[in-house]
Amino acid sequence: MINQIEPFSHPILVTKPLLPDLQDLNRMLQEIWNSGWVTNGGVKHFKAGHDTKHYQLETKLQEYLKVPGFSLFNNGTTALMVGIKQYLLQGEVITTPFTFAATPHSLVWNNITPVFCDIDNTTLTIDPNEVEKLITEKTTGILGVHVFGMPCHVDSLMAIAKKYKLRVLFDAAHAFGTEIDGTGIGTYGDITMFSFHATKLFNTIEGGGLTYNSPEMKDEIELLKDFGIQSEEKVTSQGLNGKLNEIQAAIGLLNLEIIDDERKKRALIREIYTENLNKIKGINVFSVPNNVRDSYQYFVVRITKDFGFSRDKVYDFLRKYNIQTRKYFYPLCSDFDCYKDTSAVRNKYPVAEKAAKEVLCLPFHGQLQLDEVSKICNLIKEMKYVR
Ligand code: T4K
């Protein structure tokens, strides 16, 4: 291998879940065991006298995210599906193809046609100018994604929505803790979804959340995540099962205590990557603007032709050194078999297509050693010397 740089002896993963201390978790599990209450811990049961982990976590997350209304869910996808259902959206919703499958799928599960729209080259989020061109009489909403924790053009999207009387929904699966000028990202638009999957900085192994600006909406959202059951003999809406159990809520409570530590570790890793990689022609570090609080969810670079090797070549090269990277989001959702020949795809997405070929997520988590980060940077720098 090049210049005596040996492959890593163990796999360097793109991410590793943040997990609490096992003894702390055991203590919490003991409490749960003692109580005999293991799930269905939402506000309804809190009001009935159970001080559940679910309720405690929900309250703490609402504060952390700086939002007026918040509901916990068993994953981000269910949360988004419920958010869409809450507004009884129908017809067409304009969204980005540069996202995870769950974004458009959540619309389809609500009998809505996702209409893919190109993205902005700088932020990689849905391009408001393109959105306006796709609005028809069937359009009922816009679903933006704060991809890699980069805020969408929230003001422009909300202005368009106001003009055409549309709802604005946001997928903030990557944007836990993101703030714009100190304002929680979950306060923009009508609803915002968060994911607490194991690969997310803040995680409950599987989990998610929904934020909304009208706290009075909470009762309806809570009903939708609990089969629409209001009381033993009263079912008022066609809800589903979106409840997070007590064990996962306990993991969330413990992870919330260590999240700022993890953020600090990632900030340092980010600094080392940025300092080293920014010097390399053709490697462009993707970063949020100064007025935005970073979610530290991913470390993303765009590999342009100036680098001399394609993104795919870099991916394969690093793999030989036991380094796992990810091509989020390639292929675009508009190229998925289930969408490509449907009315979801109405035009071309030149900006998104280019981004999907250039973006690479490098290993990024608090368990990465700083010398490992430097070695990854060196390998990328030295790549041109490989025959
Ligand atoms: N919207 C957006 C924009 C999203 O990115 C996502 C989820 C959603 C909506 C839906 O939210 P949820 O319903 O999931 O809450 C992963 C995650 O499974 C997925 O949650 C995430 N986006 C997506 C971007 O990434 P994969 O297929 O890349 O994950 P996987 O299993 O290959 O894991 C990646 C790496 O993480 C592994 O190679 C190693 C490490 N890992 C992973 C797991 C699960 C571990 O070390 N331990 C683990 O337990 O989708």
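Treat the numbers as computed from the prediction; the structure is a model and nothing was measured.

**Things to note about the overall build of the protein chain**
Within the protein chain, the secondary structure is distributed over 13 helices and 15 strands. Here the C-alpha radius of gyration of the protein chain, 22 Å, is about what a compact globule of 387 residues would show, namely 21 Å. Taken along its principal axes, the extent of the C-alpha atoms in the protein chain is 75 × 55 × 40 Å. Across the 387 residues in the protein chain, those meeting the buried criterion constitute 56%. Considering only contacts within the protein chain whose residues lie at least 6 apart along the sequence, 71% involve residues at least 24 apart. Carbon and sulfur atoms make up 50% of the accessible area of the protein chain, which amounts to about 17700 Å² in all. Charged side chains of the protein chain number 44 positive and 46 negative; the gap between the two group centres comes to 5 Å.

**Side note on the pattern of salt bridges**
Here the structure, examined in full by the defined rule, presents 18 salt bridges. One salt bridge connects Glu130 with Lys133, and the closest N-O pair in it is separated by 2.9 Å. On the criterion of helical spacing, the pair formed by Glu130 and Lys133 is a turn pair, its members being 3 residues apart in helix H6 (residues 128–134). Taking the relative accessible area as the measure of exposure, Glu130 reaches 22% and is therefore partly exposed. Relative accessible area serves as the criterion here: at 62%, Lys133 is assigned to the exposed category. Via salt bridges that share partners, Glu58, Lys218, Glu222 and Lys225 belong to a single interconnected network.

**A word on helix H3 (residues 53–65)**
Over its 13 residues, H3 runs 18 Å from end to end, which matches the ideal 18 Å to within 8%, given 1.5 Å per residue. Buried residues of H3: Lys53, His54, Leu57, Glu58, Leu61, Tyr64 and Leu65, and no others. Taken around the axis of H3, the buried residues stretch over an arc of 130 degrees, which confines them to a single face.

**Topic: the environment of Glu130**
Residues Glu130 and Asp120 lie 10 residues apart in sequence; the distance between their C-alpha atoms is 9.0 Å. Within the local environment of Glu130, its side chain forms a polar contact with the side chain of Lys133, the two groups lying 2.9 Å apart.

**A short note on the domain arrangement of the protein chain**
One can read the domain layout of the protein chain as domain 1 (7–16 + 260–383) and domain 2 (22–254). Taken together, the 40 residues of domain 1 in the interface contact 40 residues of domain 2. Of the roughly 3300 Å² buried at the junction of domain 1 and domain 2 (both faces included), carbon and sulfur atoms supply 63%. Summed over the three residues of domain 1 that lose the most area to domain 2, namely Phe286, Arg293 and Phe329, the buried surface amounts to 20% of that side. Taken together, the connections running from domain 1 to domain 2 amount to 1 salt bridge.

Thresholds, definitions, all that
Residues numbered from 1 in each chain as written. Predicted model: local features only at pLDDT ≥ 70, side-chain atom pairs only at ≥ 80, totals over all residues. Heavy atoms only, no water. Helix = DSSP H or I, 4+ residues; strand = E, 2+ residues; numbered from the N terminus. Rg over C-alpha atoms; globule rule 2.2 N^0.38 Å. Buried < 20%, exposed > 50% of the residue type's maximum accessible area, 1.4 Å probe, protein only. Contact = heavy atoms within 4.5 Å. Areas by Shrake-Rupley, 256 points an atom, 1.4 Å probe, with all protein chains shown as cover. Lys, Arg positive; Asp, Glu negative; His and termini not counted. Charge placed at Lys NZ, Arg CZ, Asp CG, Glu CD. Salt bridge = Lys/Arg side-chain N within 4 Å of Asp/Glu carboxyl O. Expected span 1.5 Å × (residues − 1). Arc of directions from axis to C-beta. Polar contact = N/O pair within 3.5 Å; in protein donor to acceptor, adjacent residues only side chain to side chain. Domains from an automatic or database assignment. Buried area = accessible area lost by both parts, 1.4 Å probe.

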